[in-house]
Amino acid sequence: MSRSLRRGAAAALVLAAIVPLSACAAGNDADTLQIKPDNAATSIDNSVKLNNIVVVAPEGSAGEYAGPVAVTANIANIAPKDDLVLTGIKVGGTSATLTDENGAQVSQIVIHAGESVLLGGKGGAANAQVPNAKVSVGGYTPTTFTFKSAGDVSANANVQPAAGYYQGFGPQTKSSASPTGSASPAATSSPTAGATASGSPSAPAGSPSAPAH
């Protein structure tokens, strides 16, 4: 084969590789592929992992919003033997009210070693609701989790309305009872990134590695 033919064959191979990639880029967008938004994630040493952290406003909310919001997250206790005790959550500088699966207000949520829990959603093991937050729907807001021994950890959580992936994860209008103690959600599986409590609804879809677009 002559040198010119070899160059032509090489160029054809390169073009054959480029064309399918170009076609994919031109014809497949996020909606077509149903790509789900990435959500905030963070951790504390080798004891706590938090994934899919989202602040959820009521359905229909848009733009600048002031009012009740809920927080959803997967919280995993990866410590070998110690209980993980969640004592508080803040959205911006406003504290959330913690409730158990029955809607009763509690002072803390206990996650046993090797277990995990889905925070938020109907039928979830526990919920966290801020009565009056100021957020930008579609934007981000600082969200802080406080643990009894592990300390504080913060992440910029995406703010979404309670629709689509987050349907059922918005703030509840029913008022909670007075604090009764602590919730201890049951969970059986070993925690991994994005793990959920046994019997809880699946977490809002999304990779736990980066903020939503």
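Because the structure is a prediction, the values reported are computed rather than measured.

Trainee: How would you sum up unusual backbone geometry? Please name residues and give values.
Mentor: A positive phi angle is found at Asp45, which is not glycine, with a value near 45 degrees. Summarising the element assignment, Asp45 is placed in the loop between strand 1 (40-44) and strand 2 (48-57). For Asp45, a relative accessible area of 69% puts it in the exposed group.

Trainee: Could you give an account of the environment of Val71, naming the residues involved and the relevant values?
Mentor: Along the chain, Val71 falls in strand 3 (residues 63-77). Taking relative accessible area as the criterion, Val71 reaches 1% and is therefore assigned buried. Distance from Val71 to Ile89, taken between C-alpha atoms, is 8.5 Å for residues 18 residues apart in sequence. Look past the residues within four positions of Val71 in its chain and what remains in contact with it is Val54, Ile89, Val91, Leu119, Gly120, Ala128, Thr143 and Phe145.

Trainee: How would you summarise the packing of aromatic side chains if you had to cite specific residues and measurements?
Mentor: Taken as a whole, this structure holds one aromatic pair when the rule is applied. An angle of 85 degrees between the planes, with centres 6.4 Å apart, marks the rings of Tyr165 and Tyr166 as edge-to-face. Owing to a relative accessible area of 37%, Tyr165 belongs among the partly exposed residues under this scheme.

Trainee: Can you tell me about the nonpolar core, naming the residues and giving the values?
Mentor: Membership of the largest hydrophobic core comes to 36 residues, with the highest contact counts inside it found for Ile75, Ile89, Phe145 and Phe147. In terms of residue count, the dominant contributor to this core is strand 9 (residues 126-137) (six residues). Once residues within four sequence positions are removed from consideration, Phe145 is found in contact with Leu50, Ile53, Val71, Ala73, Ile75, Leu86, Gly88, Ile89, Leu119, Gly151, Asp152 and Val153. Of all hydrophobic cores here, the second largest spans six residues; its members include Val56, Leu118, Ala162 and Tyr166.

Trainee: Go over the pairing of strand 8 (residues 116-119) with me, naming the residues and quoting the values.
Mentor: The side chains of a regular strand alternate, residue by residue, between the two faces of the sheet. Burial of strand 8 is two-sided: the residues Ser116 and Leu118 facing one way and the residues Val117 and Leu119 facing the other way are all buried. Relative to strand 8, strand 3 runs antiparallel, the two sharing four bridges. Among the inter-strand pairings, Asn74 is bridged to a residue of strand 8, identified as Leu118.

Trainee: Quick one: what's the story with the pairing of strand 4 (residues 84-91), residue by residue and with numbers?
Mentor: Counting buried residues along strand 4, six of its eight residues qualify, which places the element largely inside the surrounding structure. Looking at chain direction, strand 4 and strand 7 (residues 108-111) are connected through three bridges and run antiparallel. Bridging from a neighbouring strand, Val85 pairs with Val110 of strand 7. As judged from the five bridges shared by strand 4 and strand 10 (residues 140-147), these two strands associate in the antiparallel manner. From the neighbouring strand, Leu86 faces strand 10, where its bridge partner is Phe147.

Trainee: Explain the environment of Val110 to me, and be specific about the residues and the numbers.
Mentor: When you line up the elements, Val110 lands in strand 7. With relative accessibility at 9%, the residue Val110 sits in the buried group. For the pair Val110 and Lys148, spaced 38 residues apart in sequence, the C-alpha to C-alpha distance is 9.9 Å.

Rules used throughout
- Each chain has its residues counted from 1, running along the sequence as written.
- Only residues with pLDDT of at least 70 get local features here, since the model is predicted, and only at 80 or more are side-chain atom pairs given and counted; chain-wide, interface and lining totals rely on the full set of residues.
- Calculation of side-chain values draws on the structure's entire complement of heavy atoms; hydrogens and water are dropped beforehand.
- Strands are runs of DSSP state E lasting at least two residues, helices are runs of H or I lasting at least four, and both sets are numbered from the N terminus onward.
- Think of it in three bands: with a 1.4 Å probe and only protein chains considered, a residue is buried below 20% of the maximum accessible area for its type, exposed above 50%, and partly exposed in between.
- Two residues qualify as a contact provided that any one of their heavy atoms is within 4.5 Å of a heavy atom in the partner residue.
- Only Phe, Tyr and Trp rings take part, Trp by its six-membered ring, and two of them pair if their centres are within 6.5 Å. Stacked means planes under 30 degrees apart, edge-to-face means over 60, and tilted covers everything else.
- To define a nonpolar core, start from buried Ala, Val, Leu, Ile, Met, Phe, Trp, Tyr and Cys residues and group those joined through side-chain atoms within 4.5 Å.
- Strand pairing is defined by DSSP finding a minimum of two bridges between the two strands.

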